[in-house]
Structures are given as C-alpha cells and as structure tokens.
Amino acid sequence: KIEKAKPIKCGTFGATSLQQRYLATGDFGGNLNVWNLEAPEIPVYSVKGHKEIINSIDGVGGLGIGEGAPEIVTGSRDGTVKVWDPRQKDTPVANMEPVQGESKRDCWTVAFGNAYNQEERVVCAGYDNGDIKLFDLKTMSLRWETNIKNGVCSVEFDRKDINMNKLVATSLEGKFHVFDMRTQHPTKGFASVSEKAQKSTIWQVRHLPQNRDIFMTSGGAGSLHLWKYEYPAQRSKKDSEGAEMGVAGSVSLLQNVTLSTQPISSLDWSPDKKGLCVCGAFDQTVRVLIVTKLNKV
C-alpha cells in the first residue's frame, strides 16, 4: 500500500518487462511517473507531462506485447497526446496537439496498436466531442480521423502486436463502434459497424486475450456485456473507381449481467486463465468473475 501526494488517475504495466514490473501512472497534476514497486519512495522516471490531468495511459513494448521501444502514451485534458520513452529524459518522443487556432478537446482515452515490428506503431486517441484520431508514429503524421458524435470513453485494438485488425471505440449514450482496420479507403477511411448496447455510458472495452473476436464492454448501469464480432464473407471490395474499401462485419451479444447499481469503470481479462476477469465499480467493490464456455463460441 503506497500513498502519494497527488491523486492518481490511470496506470499501466505495458511498457515494462515481466521481470521489472514497473508501474507507469498519470496523475491529476499532469505528471507521468514510473514506479519500481519494490522501492516506491522515488519514481525511476518522472516528468511533468501535461498542463492538466492525465486521463488515460497505455504502454507497449514490454510484457512481450508489441515490438519496438518500451513506450508510454498519455492523453490529457489539455488536449494533447504524448508518447514517452523512459530512456529519454524530460521530452516526449512524439507530441500530438491541436494546430494553431483549433480548439483543445479533452482527450479521454489512448491506445497503442500496429506494433508488429520495430518500425511500425500507431496511437489511437478518443476525445470528449466524439473525435477519434489515429496517429502514425512511423511517419509522425495524423493517419485518419473520424467523429462518432458522442464522447469517446475507451478505445482498444483487438491486439497491439499484430497488423492493425480491429478497433473498438465506446462512448457516452451506450453506443460502441467496431472499425475494420485492415483496409483504409483514401476518402472513406475504415469500415465500421455500430451497436447500441444500453442507454448509459459504456466506460470500457476489453478484448479476450485468447480470442480477439470476443470482447466485453462495461456500462454505466453496472452491467457487463459480452460480444462476438463476425467477419463478413469478404473483408474488402473495390469501389466504382477501383480503390479498395473495407466491409464491416456484424456484432452479436453472447451474454450480459448486471452486477451493481453503480457504473463499472474498469475491467481486465487474465492473459493466462481463459475467461477469468476482474472489474472495479463506483460502489467501491472489486469483483472477480469467470466466463465459461468460451471455447464453444
């Protein structure tokens, strides 16, 4: 049990090895800290990363997930998304911020993807106005953007360490969107399918590590929904001008359960035991669940 002066908003082990198990945290003061939990008095890496609260954090390159440098991405209320390499002091390796004159939007969620070799890597960020932006870290450019009309609470690729395959984005008002990330059309972008799960906010999405076509969403009404993505017969087709465009699949509900009268705000699957998961809710309770019969879907 470790207590720090500033409230901590988010954390990840994703940029560190299983042996080190360093925890990277983002706090209400805009600070990114990396902690060695065996000697937690002073952070092993510390930077005043943002002017305002860090809402979301993700790590890649550690834990055997994803190739390339052990990097951390942070998204903040100050409208910026920054990528950090703990081996480089004080300055981010990438900084995605609004262009001059563009209004700053509150960044609620960030996620790494496409880290299948040493060069390739993308960051996806979701904002309070429904914007989703995909930043390509290889070319240091904005690769794609769209708007889903409701604040984006959570984004996750089905796996970080493969060629971009699918991305799920969840939002306020109970909607989520699944984007097929294999085929990018020059003007239309990526094909997607959307589903309204419930009336309340969908706080988080997590893909089953052992089967990336199954994912769980957690809701503001205290419920969990288990979904399966079905691919279409053909994942891409040619438009009238001969350009490849993606074809969206469909989503079916496998199971749902209401656990609490309060929102379930965080959720994670076990990478080792298929179907074992844990969630935390606003009712101050941590619940451990097991989902059975996953080998039959």
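You'll find the structure just up there.
Fair warning: this is a prediction, and the values are worked out from it, not measured in the lab.

Visitor: Requested: an account of the nonpolar core, with residues and values cited.
Guide: Core analysis: the biggest nonpolar cluster contains 16 residues, and Ile132, Leu134, Phe157, Phe179 and Met181 have the highest contact counts within it. Within the residue set of this core, elements represented by two or more residues are strand 10 (122–127), strand 11 (131–136), strand 13 (152–157), strand 14 (166–171) and strand 15 (175–185). The biggest single contributor to this core is strand 13, with 3 residues. Contact partners of isoleucine 132, with chain neighbours within four places excluded, come to Cys124, Ala125, Trp144, Glu145, Thr146, Ile148, Val152, Ala169 and Phe179.

Visitor: Which residues make up a nonpolar patch on the surface, and what values go with them?
Guide: Judged by side-chain polarity, Ile2, Phe13, Leu18, Leu37, Leu63 and Ile65 come together as a nonpolar surface patch covering roughly 490 Å² of accessible area. When you line up the elements, leucine 63 lands in the loop between strand 5 (54–60) and strand 6 (71–76). Of the residues examined, leucine 63 reaches a relative accessible area of 35% and is grouped as partly exposed.

Visitor: Hey, could you go over the sheet that holds strand 1 (residues 8–12) for me, with residue numbers and the actual values?
Guide: Ordered by their spatial adjacency, 4 strands build an open sheet running 1-2-3-4, and the pairing between neighbours is antiparallel. The sheet terminates laterally at strand 1 and strand 4 (45–48), the two strands that pair on one side only. In this sheet, neighbouring strand axes are inclined to one another by 20 degrees on average, regardless of whether the strands run parallel or antiparallel. Two strands pair when backbone bridges link them, and strand 1 and strand 2 (residues 22–27) are joined in this way by 4 bridges, in the antiparallel orientation. Across the sheet, the residue bridging to isoleucine 8 is aspartate 27, located in strand 2.

Visitor: Run through the pattern of salt bridges, naming residues and quoting values.
Guide: Applying the stated criterion across every chain yields a total of 18 salt bridges. Residue lysine 89 is joined to aspartate 90 by a salt bridge in which the shortest nitrogen-to-oxygen separation is 3.8 Å. Note on aspartate 90: relative accessible area 49%, which makes it partly exposed. A salt bridge links lysine 238 to glutamate 244; the nearest nitrogen and oxygen atoms lie 2.7 Å apart. Lysine 238 sits in the exposed class, given a relative accessible area of 57%. What emerges from the salt-bridge pattern is a single network uniting Asp158, Lys166, Arg212 and Asp213.

Visitor: Go over the environment of arginine 182, please, and point to the residues and values.
Guide: Here arginine 182 lies in strand 15. In this structure, arginine 182 is in contact with Ile162, Asn163, Met164, Asn165 and Arg235, ignoring residues within four places of it in sequence. Of the polar contacts made by the side chain of arginine 182, one reaches the backbone oxygen of asparagine 163; its length is 3.0 Å. Of note is the side chain of arginine 182, whose polar atom sits 2.9 Å from the backbone oxygen of methionine 164.

Calculation notes
Residues numbered from 1 in each chain as written. Predicted model: local features only at pLDDT ≥ 70, side-chain atom pairs only at ≥ 80, totals over all residues. Heavy atoms only, no water. Core = buried A, V, L, I, M, F, W, Y, C linked by side-chain atoms within 4.5 Å. Buried < 20%, exposed > 50% of the residue type's maximum accessible area, 1.4 Å probe, protein only. Helix = DSSP H or I, 4+ residues; strand = E, 2+ residues; numbered from the N terminus. Contact = heavy atoms within 4.5 Å. Patch = residues over 30% accessible without salt bridge, like charges linked within 9 Å, V, L, I, M, F, W, Y side chains within 5 Å. Areas by Shrake-Rupley, 256 points an atom, 1.4 Å probe, with all protein chains shown as cover. Salt bridge = Lys/Arg side-chain N within 4 Å of Asp/Glu carboxyl O. Pairing = 2+ DSSP bridges. Axes fitted to C-alpha atoms, helices over the stretch in contact; angles between N-to-C directions. Polar contact = N/O pair within 3.5 Å; in protein donor to acceptor, adjacent residues only side chain to side chain.

The values reported here are purely geometric and, on their own, carry no functional implication.
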